[in-house]
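Letter by letter, the chains look like this.
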Amino acid sequence: MIELRHLRTLIALKETGSLAGAAAKRFVTQSALSHQIKELETRISSAIFVRKSKPLAFTAEGVKLLQLAEDILPKVMETENELKQGLNEENHLLRVGIECHSCFRWLMPVMTTFREQHSHANLDLSSRYLFDSLDALEAGSLDVVLTSDPVPNQSVAYQHLFDFEVKLVVASDHPLANEVYVTPEQLAEHPILSYPVPIERMDIYRHFLEPAGIKLGPQIHCDLTMMLLQRIACKDGIAALPSWSIKEAHGLSLTSISLGKEGLIRPLFGAYRPNNSTGKLAQDWLNLVSKEGLKRNTTA
């Protein structure tokens with residue numbers, strides 16, 4: 001049976017790109033990690049990564065398990081938080097809404113640090129409200145929202161966390177791959193791979209194509225970042241992704257290109273109700289998010 005520890009090991013392998021790095025991240029010896037990987041490969045009767053590959057490249061079976069890990073682990077963490085809150089009503093709960101599909105992965109270290117600093121608090125990280133998150137915040141169903149599209153409201157305060165670049169991602173042998181930047185006209189009618197969001201919510205459409213009067217090409221939905229990147233590598237289409245998502249393309253032959261000569265720069269804000277009882281927790285959470293986001297964008 002595939003266990004959660006196996007899935008966490010796969011995430012560590014992907015994030016570090018090596019057995020030694022994954023072992024350090026999981027706080028086990030490299031020998032113990034190798035034994036765990038061998039155990040998993042025996043259970044599925046297949047290798048999960050290509051031996052001696054640099055950077056570490058996953059097999060098709062390994063990629064499939066990675067997709068499972070990226071889907072399951074955030075749900076496990078969310079359920080744990082909900083159960084803890086139900087068992088201990090004295091704990092404080094900070095309910096965080098996220099409008100960005102690709103944020104979950106890089107927020108995991110923030111969640112770990114927050115829990116270390118606030119052992120008394122529970123953190124509920126969710127995208128269940130998605131683009132209705134600000135309404136849910138105002139209604140009291142959420143305590144904090146991460147958004148790039150602030151809406152003025154007297155009961156809600158906004159804290160600018162950092163700016164990030166949305167870049168075009170294509171296969172390395174795509175006709176656009178050698179461009180330093182692309183114009184809206186160059187993307188006319190190209191198939192667009194994206195998360196399952198409405199066209200009018202897509203940054204590449206609202207802030208790049210639509211102002212130039214260019215229509216979006218056929219839209220192909222993918223639920224997971226890894227799946228989306230794989231399909232780009234197979235030249236099923238192109239995609240516009242935050243710069244941090246491109247770091248997940250381990251072993252895939254992809255190229256990122258600026259959208260326009262100046263690049264497409266977007267802000268990330270933290271929205272919260274300043275007079276709410278969780279105001280202090282919200283501020284601490286947002287400060288950690290800002291610090292992690294600035295670090296990732298600086299090293300992109």
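Here, the structure is the one placed above.
Conventions we followed
Residues numbered from 1 in each chain as written. Predicted model: local features only at pLDDT ≥ 70, side-chain atom pairs only at ≥ 80, totals over all residues. Heavy atoms only, no water. Buried < 20%, exposed > 50% of the residue type's maximum accessible area, 1.4 Å probe, protein only. Helix = DSSP H or I, 4+ residues; strand = E, 2+ residues; numbered from the N terminus. Pairing = 2+ DSSP bridges. 1 Å grid on protein atoms, 1.4 Å probe; cavity = no way out; pocket = protein on both sides within 12 Å on 5 of 7 lines; lining within 4 Å. Points joined across faces, edges and corners; volume = space filled by probe spheres on them. Nonpolar A, V, L, I, M, F, W, Y, C, P; charged D, E, K, R; others polar. Arc of directions from axis to C-beta. Salt bridge = Lys/Arg side-chain N within 4 Å of Asp/Glu carboxyl O. Polar contact = N/O pair within 3.5 Å; in protein donor to acceptor, adjacent residues only side chain to side chain. Contact = heavy atoms within 4.5 Å.

**Q** Where do I start with the pairing of strand β10 (residues 264–272) in this structure?
**A** Where a strand is regular, its side chains alternate between the two sheet faces. Buried residues dominate β10, accounting for eight of its nine residues. Pairing analysis gives four bridges linking strand β3 (residues 144–147) to β10, with the strands arranged antiparallel. Bridging across to β10, Thr147 finds its partner in Phe269. Relative to β10, strand β4 (residues 157–171) runs antiparallel, the two being bridged by nine bridges. Residue pairing across strands places Phe162 opposite Leu268, the latter belonging to β10.

**Q** It is not clear to me how the layout of surface pockets should be interpreted in this structure. Could you clarify?
**A** The method is simple in principle: a probe with the dimensions of a water molecule rolls over the atoms, and the space it marks as empty is what remains. The computed volume of the second largest pocket comes to approximately 470 Å³. Elements represented by at least two residues in the lining of the second largest pocket include exactly α4 (60–87) and α5 (103–117). A total of five residues in the lining of the second largest pocket trace back to one element, the largest contributor, which is α4. The residue inventory of the lining of the second largest pocket, partitioned by class, reads five nonpolar, five polar and eight charged.

**Q** How should helix α8 (residues 225–233) be read in this particular structure?
**A** Residues spaced three or four apart along an α-helix point in a common direction, a consequence of the helix completing one turn every 3.6 residues. Within α8, the full set of buried residues consists of Thr225, Met226, Leu228, Leu229 and Ile232. In a view along the axis of α8, the buried residues occupy a sector of 160°, so they form one face of it. Two residues or fewer past α8, Lys235 is found with a positive phi of approximately 60°.

**Q** Can you help me understand the pattern of salt bridges in this one?
**A** Note that side chains of opposite charge can pair when their charged atoms are close. Summed over the entire model, instances satisfying the criterion amount to 19 salt bridges. A salt bridge links Arg5 to Glu3; the nearest nitrogen and oxygen atoms lie 2.6 Å apart. Using a relative accessible area of 29% as the deciding quantity, one classes Arg5 as partly exposed. Residue Glu3 is classed as partly exposed on the basis of its relative accessible area, which comes to 30%. The partner of Lys25 in a salt bridge is Glu15, and the shortest N-O contact between them spans 3.3 Å. Highlighted residues: Lys25 in helix α2 (residues 19–26) and Glu15 in helix α1 (residues 4–16), separated in sequence by ten residues. A network of salt bridges, in which partner residues are shared, links Glu99, Asp149, Arg201, Asp203, Arg206 and Arg266.

**Q** Is there a simple way to explain the side chain of Ser148 in this structure?
**A** For Ser148, the location among the structural elements is in the loop between β3 and β4. Taking relative accessible area as the criterion, Ser148 reaches 15% and is therefore assigned buried. One polar contact links the side chain of Ser148 to the main-chain carbonyl oxygen of Pro267, over a distance of 2.6 Å. Setting aside residues up to four positions removed in sequence, Ser148 forms contacts with Glu99, Phe164, Arg266, Pro267 and Leu268.

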